[in-house]
Amino acid sequence: MRNENEIPVADNPFGIPVAERMKRLPPYLFAKINKVKYQKRVAGIDVIDLGMGNPTDPPDQMVQDKLAEALADPKNHRYSVANGIKNLRVEVAKRYWKRYGVQLNPDDEIIATIGSKEGFSHMCLALMGPGDTAIVPSPTFPIHTYAVILASGNAIHLDVRKPDVFLQNIAYTCEHLYPKPKLVIANFPHNPSSTCIEKDFWVELVKLAKKYGFLVLSDFAYADICYDGYLAPSFLSVPGALDVGVEFTTMSKSYSMAGWRVGFCCGNKEMVRALATIKGYYDYGIFQAIQIAAIVAMRHTDASVDALAQEYEKRRDVLCDGLERLGWEIDRPKAGMFVWAKIPEPFAKMGSIDFAMKLLEEGGVAVSPGRGFGEEGEGYLRLAIVENSQRLRQAVREIGRCTRPEAAKAS
């Protein structure tokens, strides 16, 4: 168990009197890699980018056509509403009922967000303040920690890779911490480690939430990208979940609409109302033409969502097969858009940041170093399966070339 205060704190690089919360943000560990990646591209050097879960596939053509049609309607260019238009929220409710058997009231249990990241961050701002504590899964998708910090709260990181142990540690923390944690953040399928759970995990977490009085924020970004017959369970699908928490979903991954910024927060109506209050001060909602196209996506493109998941499964196999042939230790993921790979032993001493830099500088392959996801991520890399299979095979060849035995001796 690690307290947020152990995160290295950055000096003030701004040269102006910024807020104290800004000083609590550590140095951005991906900055060095991003800089080299940019320099290579400016120089015309090909980079195979497996660093970010940024889909390269376009949305279904029907969705693109609907957006173009909606653009031609002058009334769609006015301010929208911060909580999302009614028909969009109704469509989300229908989808939850169809996929998970969950009944949601679109009027007070669903709110549209400008991507799930915005909604998650503003929910933390609505719920947390100085002295409040959140339990955060580790390795950690950065916003799960920094949204808490920016809300002036404290984060306690618990290793999530063994879900049963994660539950035990939540209970232990609640028993021994005063005041007790206000929030528990859960993220399954997990980013970056791809850890998955079954429905009984949510049952136990709801029991703990009611026993210790904390609220749950479930990040369900990879709900539809599942493999080998696995179906990711929704937090809201278990009895009592609506009493203690909300779930964030997004159209970024399943529908290849990352740049469109469409997400949702669903669940406990008082928590949704708190988020709506914050958003009412901050934004005027998603561009209405995008919301209309999103309705069409949810209503008519299930086949495209399923086909995309099958494509990601093929890419997963291409990348995992290739890395295993190189002798890498791989736990093949059951869901998500990432392979969480242990750094091969000859290079482990380099650390994940330096090893990721080696792959980029010598092989032209950009990956995310595990250290960027916290201390528990050290020794691993996160590789996104967003490139096509041919590019992934090329990435494996380049990784093999710059990690051959003579390269290991040089390192």
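Residues numbered from 1 in each chain as written. Predicted model: local features only at pLDDT ≥ 70, side-chain atom pairs only at ≥ 80, totals over all residues. Heavy atoms only, no water.

Participant: Break down the packing of helix α7 (residues 163–176) against helix α8 (residues 199–212) for me, with residues and values.
Facilitator: Packing of α7 against α8 brings their axes to within 11 Å, and their N-to-C directions diverge by 0 degrees. By the criterion of interaxial angle, the relationship of α7 to α8 is roughly parallel. Two secondary-structure elements touch here, α7 through Pro163, Phe166, Leu167, Ile170, Ala171, Cys174 and Glu175 and α8 through Phe201, Glu204, Leu205, Leu208, Lys211 and Tyr212. Among the residues making up the contact of α7 with α8, the classes are represented as ten nonpolar, no polar and three charged. (Axes fitted to C-alpha atoms, helices over the stretch in contact; angles between N-to-C directions. Helix = DSSP H or I, 4+ residues; strand = E, 2+ residues; numbered from the N terminus. Parallel < 35°, antiparallel > 145°, perpendicular 65-115°, else oblique. Contact = heavy atoms within 4.5 Å. Nonpolar A, V, L, I, M, F, W, Y, C, P; charged D, E, K, R; others polar.)

Participant: Hey, could you go over the sheet that holds strand β10 (residues 338–342) for me, with residue numbers and the actual values?
Facilitator: In spatial order, the strands read β10-β13-β12; together these three strands make up an open sheet with antiparallel pairing. Either end of the sheet is taken by a strand with one partner, and the two such strands are β10 and β12 (368–369). Pairing geometry for β12 and strand β13 (residues 380–384), over two bridges, is antiparallel. Bridge assignment links proline 369 to a residue of β13, and that residue is leucine 381. (Pairing = 2+ DSSP bridges.)

Participant: Give me the lowdown on the environment of leucine 392, citing residues and values where you can.
Facilitator: Within the secondary structure layout, leucine 392 lies in helix α15 (residues 389–401). Residues leucine 392 and leucine 50, spaced 342 residues apart in sequence, show a C-alpha to C-alpha distance of 8.8 Å. Here leucine 392 is in contact with Leu50, Arg315, Val318, Ala384 and Glu387, once residues within four sequence places are set aside.

Participant: If you had to explain the confidence of the model for the protein to someone new, which residues and values would you point to?
Facilitator: Residue-level pLDDT values for the protein average 93, and 94% of them are 70 or greater. Here residues 1–10 scores under 50 on pLDDT; set against residues more than four positions off or in separate chains, the count is 32 contacts. (pLDDT = per-residue confidence, 0-100.)

Participant: An account of the packing of aromatic side chains is requested, with residue identities and associated values reported.
Facilitator: Under the criterion given, the structure shown has 14 aromatic pairs. Ring centres 6.0 Å apart and planes at 75 degrees place the aromatic pair phenylalanine 188 and tryptophan 202 in the edge-to-face group. Here phenylalanine 188, found in the loop between β6 (183–187) and α8, pairs with tryptophan 202, found in helix α8; they are 14 residues apart in sequence, far enough to count as distant. With relative accessibility at 0%, the residue tryptophan 202 sits in the buried group. Measuring from centroid to centroid gives 5.2 Å for tryptophan 340 and tyrosine 380, while their planes differ by 5 degrees, and the two rings are stacked. (Phe/Tyr/Trp six-rings, centres within 6.5 Å; stacked < 30°, edge-to-face > 60°. Buried < 20%, exposed > 50% of the residue type's maximum accessible area, 1.4 Å probe, protein only.)

Participant: Before we move on, could you go through the side chain of aspartate 283 and cite the residues and values that matter?
Facilitator: Mapping aspartate 283 onto the fold places it in the loop between α10 (269–282) and α11 (288–300). Those residues in contact with aspartate 283 that sit more than four places away from it in its chain are Ala82, Ile114 and Glu118.

Participant: An account of the environment of proline 139 is requested, with residue identities and associated values reported.
Facilitator: Turning to its location among the elements, proline 139 is positioned in the loop between β4 (133–138) and α6 (142–150). The spatial distance from the C-alpha of proline 139 to the C-alpha of glycine 370 is 7.9 Å, given a sequence separation of 231 residues. Look past the residues within four positions of proline 139 in its chain and what remains in contact with it is Arg161, His190, Asn191, Pro192, Trp340, Phe373, Glu376 and Gly377.

Participant: Can you explain the layout of surface pockets? Please cite residues and give values.
Facilitator: Of the volumes computed, that of the second largest pocket is approximately 280 Å³. Lining the second largest pocket are 15 residues, with Arg161, Ser193, Thr195, Asp331 and Trp340 positioned closest to its centre. Sorting elements by how many residues they give to the lining of the second largest pocket places β10 first, with three residues. In terms of residue class, the lining of the second largest pocket is built from six nonpolar, three polar and six charged. (1 Å grid on protein atoms, 1.4 Å probe; cavity = no way out; pocket = protein on both sides within 12 Å on 5 of 7 lines; lining within 4 Å. Points joined across faces, edges and corners; volume = space filled by probe spheres on them.)

Participant: Can you tell me about the state of the cysteines, naming the residues and giving the values?
Facilitator: As used in these notes, a disulfide is a covalent bond between sulfur atoms, one from each of two cysteines. A full pass over the atoms with the stated rule returns zero disulfides. The cysteine cysteine 124 is free of any disulfide, with cysteine 265 supplying the nearest cysteine sulfur at 11 Å. Its relative accessible area of 0% is what places cysteine 124 among the buried residues. Of all cysteine sulfurs, the one in cysteine 196 lies closest to cysteine 320, which takes part in no disulfide; the gap is 13 Å. A residue is classified by how much of its surface remains accessible, and cysteine 320, at 0% relative accessible area, is buried. (Disulfide = S-S within 2.5 Å.)

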